[in-house]
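Structure assessment
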Amino acid sequence: MIGAIIALIGSIFLLLGALGLLRMPDVYNRMQAGTKSTTLGSMLFLIGAALYISKGQIWSRVILLILFIVFTNPISSHALARAAHKIKIPMAEETVKDDLTEDE
Amino acid sequence: MKNFKHSIILFIILMVIWILLTSWETQELIAGLITSFLIAILTYRLEPVLAAINLTPKALLYSIAYIFVFAKELILSNLDVARRVLTPSLPLKPGIVKVNTKLKSKIGKLVLANSITLTPGTLTAEVKNGNLYIHWIDIKEEDVAGATQEIVAKFEKYLEVIFG
Amino acid sequence: MANTIYNLAGIIALLALLLAFVRMLKGPSAVDRIVALDSMTIIAVSVIVFLSLRLGRIIYLDVALVYALISFIGVIVIARYFERGL
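Residues numbered from 1 in each chain as written. Chains lettered and ligands numbered in written order. Predicted model: local features only at pLDDT ≥ 70, side-chain atom pairs only at ≥ 80, totals over all residues. Heavy atoms only, no water.

The subject of this paragraph is the overall build of chain B. Check the secondary structure of chain B and you find six helices and three strands. Projecting the C-alpha coordinates of chain B onto the three principal axes gives extents of approximately 60 × 35 × 25 Å. Sorting the 164 residues of chain B into buried and exposed places 46% on the buried side. Across chain B, contacts joining residues at least 24 apart in sequence account for 73% of those joining residues at least 6 apart. For chain B, the exposed area adds up to about 8800 Å²; of that, 69% sits on carbon and sulfur atoms. Of the side chains in chain B, 17 bear a positive and 13 a negative charge, and the two mean positions are spaced by 6 Å. (Helix = DSSP H or I, 4+ residues; strand = E, 2+ residues; numbered from the N terminus. Buried < 20%, exposed > 50% of the residue type's maximum accessible area, 1.4 Å probe, protein only. Contact = heavy atoms within 4.5 Å. Areas by Shrake-Rupley, 256 points an atom, 1.4 Å probe, with all protein chains shown as cover. Lys, Arg positive; Asp, Glu negative; His and termini not counted. Charge placed at Lys NZ, Arg CZ, Asp CG, Glu CD.)

In C-alpha cells form, the structure reads like this:
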C-alpha cells in the first residue's frame, strides 16, 4: 500500500516534468524541468515498485540504478546545455542576462 | 602516493558495485576481487581524480549531513518545477549568471555542478577555471558575489571539508 | 486497492512518456529532441523496472540497468558531436 502511494507520487512528478518539457519556452528551461523532475520522479517510482516485492536481490539493483540516475542525469543535461550554448541556440525572449556570451 | 590512494578508493567502489550486482557467494566474491584488483592496477597511471576525497571521520560525518541537505534541495526543486509548470502564466525570468567557487579538485567541482543542477531553478551550463556559468530560471541576484552567496554557499561549506 | 493505485501509477508514467514524445516530435532544434529523448529514456527505465516487478520477471532488471548505462553514454557522445563534430 505504501509502495503504491510512493509510486503514484513518483509518476505524478514524472508527468509534471514531461508537461514542463512541453510548456517551457526555450531549450534551457526545458532542460531544467526535464532533469529535476525525472530524477526525483524515477527515484520515487523505482522505490515504490521495489516495495511491491521486497527482496534483497531487487533492492540492491534498484539502489544501484537510483545512484546511477542521480549521478548521470545532471551530467548529461550539463553536456547538452553546454552544446546548446556553443551552437548558439537562441534563448527565450524573457531572458534578462547572459554572462557566458559576454565572457567569450 | 596520490595514485595509490586513488587506486584504493577505486577498488572499494568497484567492489561495492560488484557485490550489489551479484550475490554474496564465495565464487562471485573471488571473481569480483580479481576483476576490481586488475582494473585498479591497470588504471594506476591515469590522473588520480578520486585522491581528492578526504577519508577522515569529520569528512564522513559531513558527507552524511550533505546527503540530507541534498535531499531537501531535490524535493524543494521538484515542488518549484511543479508550481511553475502548473501556473497558467508560466512565471519566468531566465538568464545565465556567473558564480565562482573555492573548490580546487575536479571531483569537488563535479559534485558541486551536479548538486546545483538539482537545486531549485538552477542548471550548470559551463565550468571554466574557478567559475561556473549557471542558467537560472528566476534571477534574484545579478552580480557575481550575490549569486555565489545564493547558489553555491550552502553546498560549498560541506564540500570544502569532504574534498580538501 | 493497492493494485489499482499501482496500475494508476503505471498509466501516469506512460502518459509522461507520451508527452515527452510529443516534445521530441515537435523539436524545434536538434538539442530539444535529444533533451526529450533523455527524459524519455529515464522514464522508460523506470517503466521497465516497474513492469518487471509487477509481472514477476526479475531478470529484466538487468535490461533496465544496461539501458540506463548505454543511453547515458549515447547522450554524452551526441552532445560532443553537437559541439565540434565527431
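With that settled, the discussion passes to the interface of chain B and chain A. Counting from both sides, the interface comprises 43 residues of chain B and, opposite them, 41 residues of chain A. Counting across the chain B and chain A interface gives one salt bridge. Among the ionic pairs, Arg82 of chain A bridges to Glu126 of chain B, the shortest N-O distance being 3.1 Å. Those elements that provide at least two residues to the side of chain B that touches chain A are α1 (2–21), α3 (57–86), β1 (95–100), α4 (106–117), β2 (122–128) and β3 (131–136) of chain B. Take the side of chain B that touches chain A: its biggest share by element is eleven residues, from α3 of chain B. Across the side of chain B that touches chain A, the residue classes break down as 26 nonpolar, eleven polar and six charged. Sheet topology note: the strand β1 (residues 97–98) of chain A/β1 of chain B ladder contains two bridges and is parallel. Bridge pairing links Lys97 of chain A to Gly95 of chain B in β1 of chain B. (Salt bridge = Lys/Arg side-chain N within 4 Å of Asp/Glu carboxyl O. Nonpolar A, V, L, I, M, F, W, Y, C, P; charged D, E, K, R; others polar. Pairing = 2+ DSSP bridges.)

This part is about the domain arrangement of chain B. Taken domain by domain, chain B consists of domain 1 (2–51) and domain 2 (57–163). Between the C-alpha centres of domain 1 of chain B and domain 2 of chain B there is a distance of 31 Å. (Domains from an automatic or database assignment.)

Here the focus is the sheet that holds β1 of chain B. Taken in spatial order, the four strands line up as β1(A)-β1(B)-β3(B)-β2(B) in an open sheet, and their pairing is mixed. Every other strand in the sheet has two partners, leaving β1 of chain A together with β2 of chain B as the edge strands with one partner each. The sheet contacts of helix α3 (residues 56–86) of chain A involve β1 of chain A together with β1 and β2 of chain B, and relative to β2 of chain B the element is tilted by about 70 degrees. Contacts from α4 of chain B reach β2 and β3 of chain B, with the element oriented near 155 degrees to β2 of chain B. (Axes fitted to C-alpha atoms, helices over the stretch in contact; angles between N-to-C directions.)

Turning to the nonpolar core, a few remarks are in order. The biggest cluster of nonpolar side chains holds 40 residues, and the ones touching the most others in it are Phe45, Leu46, Ile58, Val62 and Leu65 of chain A together with Val49 and Leu53 of chain C. Elements supplying a minimum of two residues to this core: α1 (2–23), α2 (27–50) and α3 of chain A, α3 of chain B together with α1 (2–26), α2 (30–54) and α3 (61–84) of chain C. Aside from chain neighbours lying at most four places away, what touches Val62 of chain A is Leu46 and Ala50 of chain A together with Val49 of chain C. If you look at the next biggest cluster of nonpolar residues, it comprises 27 residues, including Ile9, Ala52, Val69 and Val111 of chain B. (Core = buried A, V, L, I, M, F, W, Y, C linked by side-chain atoms within 4.5 Å.)

All right, on to the interface of chain A and chain C then. At the interface, 49 residues of chain A touch 48 residues of chain C. Between chain A and chain C, the buried area comes to about 4300 Å², and carbon and sulfur atoms account for 80% of it. Considering only the surface of chain A that becomes buried against chain C, Leu22, Tyr52 and Leu80 of chain A emerge as the three largest contributors, covering 15% of it. Asp32 of chain C is the partner of Arg30 of chain A in a salt bridge, and the nearest nitrogen-oxygen pair spans 2.1 Å. For the pair chain A and chain C, the number of links is nine residue pairs in polar contact (both at pLDDT 80 or more). If you list the elements that add at least two residues to the side of chain A that touches chain C, you get α1, α2 and α3 of chain A. (Buried area = accessible area lost by both parts, 1.4 Å probe. Polar contact = N/O pair within 3.5 Å; in protein donor to acceptor, adjacent residues only side chain to side chain.)

With that settled, consider helix α5 (residues 144–151) of chain B. Taken as a whole, α5 of chain B has its buried residues at Gly146, Ala147, Thr148 and Ile151 of chain B. On its buried face, α5 of chain B is in contact with β1, α4, β2, β3 and α6 (153–162) of chain B.

Take the packing of aromatic side chains next. Aromatic ring pairs are defined here through the distance separating the ring centres and the angle between the ring planes. On inspection of all chains with the given rule, the structure shows nine aromatic pairs over all chains. Sitting above the plane of the Tyr52 of chain A ring, Arg54 of chain C keeps its charged end 5.0 Å from the centroid. (Phe/Tyr/Trp six-rings, centres within 6.5 Å; stacked < 30°, edge-to-face > 60°. Lys NZ or Arg CZ within 6 Å of the ring centre and 35° of its normal.)

Attention now goes to the environment of Ile53 of chain A. With respect to the helices and strands, the residue Ile53 of chain A is situated in the loop between α2 and α3. The exposure class of Ile53 of chain A is partly exposed, given its relative accessible area of 24%. If we ignore the near neighbours within four places in the chain, the residues touching Ile53 of chain A are Ile58 of chain A together with Leu53 of chain C.

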